[in-house]
Amino acid sequence: MSTGKQAKAKSANPAGANSTRLTGAEILWATLEGEGVSVVFGYPGGAILPAYDALRKFPIRHVLVRHEQGAAHAADGYARASGRVGVAIATSGPGATNLVTGIATAMLDSVPMVCITGQVASKVLGTDAFQEIDITGITLPITKHNYVATRAEDIAPMIREAFLVAKSGRPGPVLVDITKDAQQASADFDFAAAAPRPHRPHPMLKTESAAILQAAELIRKAKKPVILAGHGILQSGAGAQVMTLAERMRIPVASTLLGLGAFPASHPLSLGMMGMHGEAWVNHAIQQSDLLIACGMRFDDRVTGTLATYAPNAKKIHIEIDPAEINKNVKADVALIGDLKEVLEALLPHLAPRKAQESEWLREIESSKGEVAVRDIKNLPDSGHLYAAHVLHDLWRATEGKAIVVTDVGQHQMWEAQYYKHDEPRTLITSGGLGTMGFALPAAIGAKIACPEKEVWVVAGDGGFQMTAAELSTAAQEELDLNIAVVNNGYLGMVRQWQEFFYEKNYQSSPLRSPDFVKLAEAHGIRGLAVSKRSEVLPAVEEARRHKGPFVINFHVEKEDSVYPMIPAGSALHEMIRRPGHNPLVETAQDK
C-alpha cells in the first residue's frame, strides 16, 4: 500500500509545461501519473529495482502480489471493473514470463492493460545474462503491441503510446520492456512532448452509408430477429443504444458469457445466456431466427456450436470494431465496422418503432420455454444435499444482484451465469476466451481496488482457487473488504463432467484433495466459515457481508452434479443435453 510519504510526494511535472531532468525510473512513474494511473500491481526484482527505488517519490499505490500472474490478473480485474487501463509490473526473466498467462487472458477478452517489465542492461542483451529472456518475442502473439526501451529518453513516448494502443479500437494488453540501464540513466522529461501521434481509426460509418441502410431494411423486414449481446457493448458503453434498438423493434436479446450485464437480465426482452451452457430456449430462438444482429461479439465456437448448422435460416448483421473478426467464423450479410455505440446511433434514426401486436415471435419463444424456464431453485428442494445452484441463487438473493462477482473457470462459472442475474454492466468479471483457472481471486483484488465502494464476491472452484490462493495474503495486507465463496465439490468439476458424459465415467486425475480452506484462510489472518447445508448458506453469506475485511466461505456442495444444458463439442446449437440421461440425438416427442 502507498505510504503517507508517497501520498504527499510532489509529482515531477506530468503536465509537461517545462521539461525536467529525471532518471528513466522517475520518468516511468511521472508518465504513469500523467496518464492518470493511481495504482499498479507488481512484484519487484533485480532488473526493475531502479523503478521501485524511484516509486517513493510519486503518489502511486503499489499492490504487492504474491505471484506475478496475480499482478496481471489484478490489473485485468481493475480494468474490467473500472473501464480504465490496468497496470502490472514485474522484473525480467521469470518475473516477466509469469505475466504471460494473465496477458493472454486479457488479449482474448479485449481488456486494456499495460504491463511493464524490467530487462537486463542493454550492453548484455543477447548474451543469456542472468534472468534475461526475450519477453517481447514471447508475448508478440498475445499483445496488441510491445516495446523495448533501451534509453531513458525512449520511456515516456513508449509508455504514452502503450496507453493509447491499449485503449483505442479493440482494447487489449501492451507490454513495455525497459532495460536496467535505461532506468538508471537520465533524460529530459516533458509529458506533453511525449504524446503519441493519434492512431488513424478504421473509418466510421456515416448515417448515409449504404450498409446502414441495408441493415435497417433487414431489421424492418425480419419476423424472427435476435440481438446477440457481446462484451463489446461494455467496452463501447453502448448499453443504452442496444436497449433502444431492442425496445423500439421488440427484439429479444441473447447474451454471451462476457456480455452478461450489458443488457439487464430482468428486462422482459432478455433471453439469457446463449451457447454451450446457455438456456435451451435461447439456443432454440437463435436456431429458428431469420435475423441475427451481433453486437460486439466474435462468434466464438462456444457460442455457435458447429458452424455448418448455426442459425441456418438467419441473415447476419455483424457490428464489430475489429475488421479481422468480420467473416472470420460466421459470414456476415451486412458488416458494420466501427465503434458499436457510434454505429447504433447512425442506425437507429432509420428504424421506426414496431407495433406491439407484431410480437408473435416473442410469444413463440415464451411458449418454447415450457417447464425448463422454471429451472430455478424451486426444483432443487432442501433434501439434505447442498447444490452449487443453491449457493449462487442465495448469493444473488442476499446481494439483490448488485455485487460485482468475479468467477474462476469451470462448473461454478456456468452456474453463476445461470443463477446470478446481472442487471448492471461490469458486474460479472470472468475469463471467457482463455478460460483461465486461478483468475478469480487476483482479479477480484483488482476489481475491489478499482471500485472500493462496491460489494465484491469471488466465486471459485476448489481447483482454480488453489492455483492463486497465495493472493489471500495480498487481500489481507491491503485490508480489502472482499468476500470469497469456494464452491468445493472435491473434483475438477468440469473435467469430471466431460469424463462422465464422454469418457465412460473414467475420472482419471479429476478427484481433487484440498486443504481445509477455513484453516488456510486463518493462516493468512482471514476469517472463514465452512457450509454444508442449505440452511447455512444465507447466514454465512450475511456474516461475510457484515464483516470488515476478507472473508472465505468453504461451500461443500454435491460432488457429482453437472451443468445443464450442455452442447457436446462438434454438435449443433440445438443438440443440447438438457438433463441427466438425455440423448440430444434421439429426441423424444416431448423434447421436440
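Our subject in this report is the structure included herewith. (Residues numbered from 1 in each chain as written. Predicted model: local features only at pLDDT ≥ 70, side-chain atom pairs only at ≥ 80, totals over all residues. Heavy atoms only, no water.)

1. Details of the sheet that holds strand E13 (residues 315-320)
Read across the open sheet, the six strands follow the order E11-E10-E9-E12-E13-E14; overall the sheet is parallel. Either end of the sheet is taken by a strand with one partner, and the two such strands are strand E11 (270-273) and strand E14 (334-337). On average, adjacent strands in this sheet sit at an angle of 15° to one another, irrespective of strand direction. For strand E10 (residues 253-255) and E11, the ladder comprises three bridges, and the chain directions are parallel. For Ser255, the partnering residue across the bridge sits in E11 and is Met273. Sheet strands touched by helix H10 (residues 210-221): strand E12 (291-295), E13 and E14. Its angle to E14, the strand with the most contacts, is close to 125°. (Pairing = 2+ DSSP bridges. Helix = DSSP H or I, 4+ residues; strand = E, 2+ residues; numbered from the N terminus. Axes fitted to C-alpha atoms, helices over the stretch in contact; angles between N-to-C directions. Contact = heavy atoms within 4.5 Å.)

2. A few points about the packing of helix H17 (residues 388-399) against helix H24 (residues 534-546)
Contact pair H17 / H24: the axes reach a minimum separation of 10 Å and the direction vectors enclose 45°. It follows that H17 is oblique to H24 by the angle criterion. Remark: the crossing between H17 and H24 carries right-handed chirality. Along the contact surface, H17 presents His390, Val391, Asp394, Leu395, Arg397, Ala398 and Thr399, while H24 presents Arg534, Val537, Leu538, Val541, Glu542 and Arg545. The class makeup of the residues in the contact of H17 with H24 is six nonpolar, two polar and five charged. (Parallel < 35°, antiparallel > 145°, perpendicular 65-115°, else oblique. Left-handed = near helix turned anticlockwise from the far one by under 90°. Nonpolar A, V, L, I, M, F, W, Y, C, P; charged D, E, K, R; others polar.)

3. Thoughts on the pattern of salt bridges
Taken as a whole and assessed by the stated rule, the structure comprises 25 salt bridges. Notably, a salt bridge pairs Arg56 with Asp53, separated by 3.5 Å at the nearest N-O pair. Judged by relative accessible area, which is 48%, Arg56 ranks as partly exposed. When its relative accessible area of 46% is taken as the criterion, Asp53 is described as partly exposed. As a salt-bridge pair, Lys369 and Glu366 come within 3.4 Å of each other at their nearest N and O atoms. One end of the pair is Lys369 and the other is Glu366, both in helix H16 (residues 360-369) and three residues apart, which spans about a single turn. Through salt bridges with shared partners, a single ionic network connects Arg170, Asp322, Glu325 and Lys328. (Salt bridge = Lys/Arg side-chain N within 4 Å of Asp/Glu carboxyl O. Buried < 20%, exposed > 50% of the residue type's maximum accessible area, 1.4 Å probe, protein only.)

4. Quick word on the pairing of strand E2 (residues 39-42)
Alternating residues of E2 divide into Val39 and Phe41 and Val40 and Gly42, and every residue in both groups is buried. The pairing of E2 with strand E3 (residues 61-64) spans four bridges and is parallel. Counterpart to Gly42 in the pairing with E3 is Leu64. Looking at chain direction, E2 and strand E4 (residues 86-90) are connected through two bridges and run parallel. Of the residues in E4, the one forming a bridge with Gly42 is Ile89.

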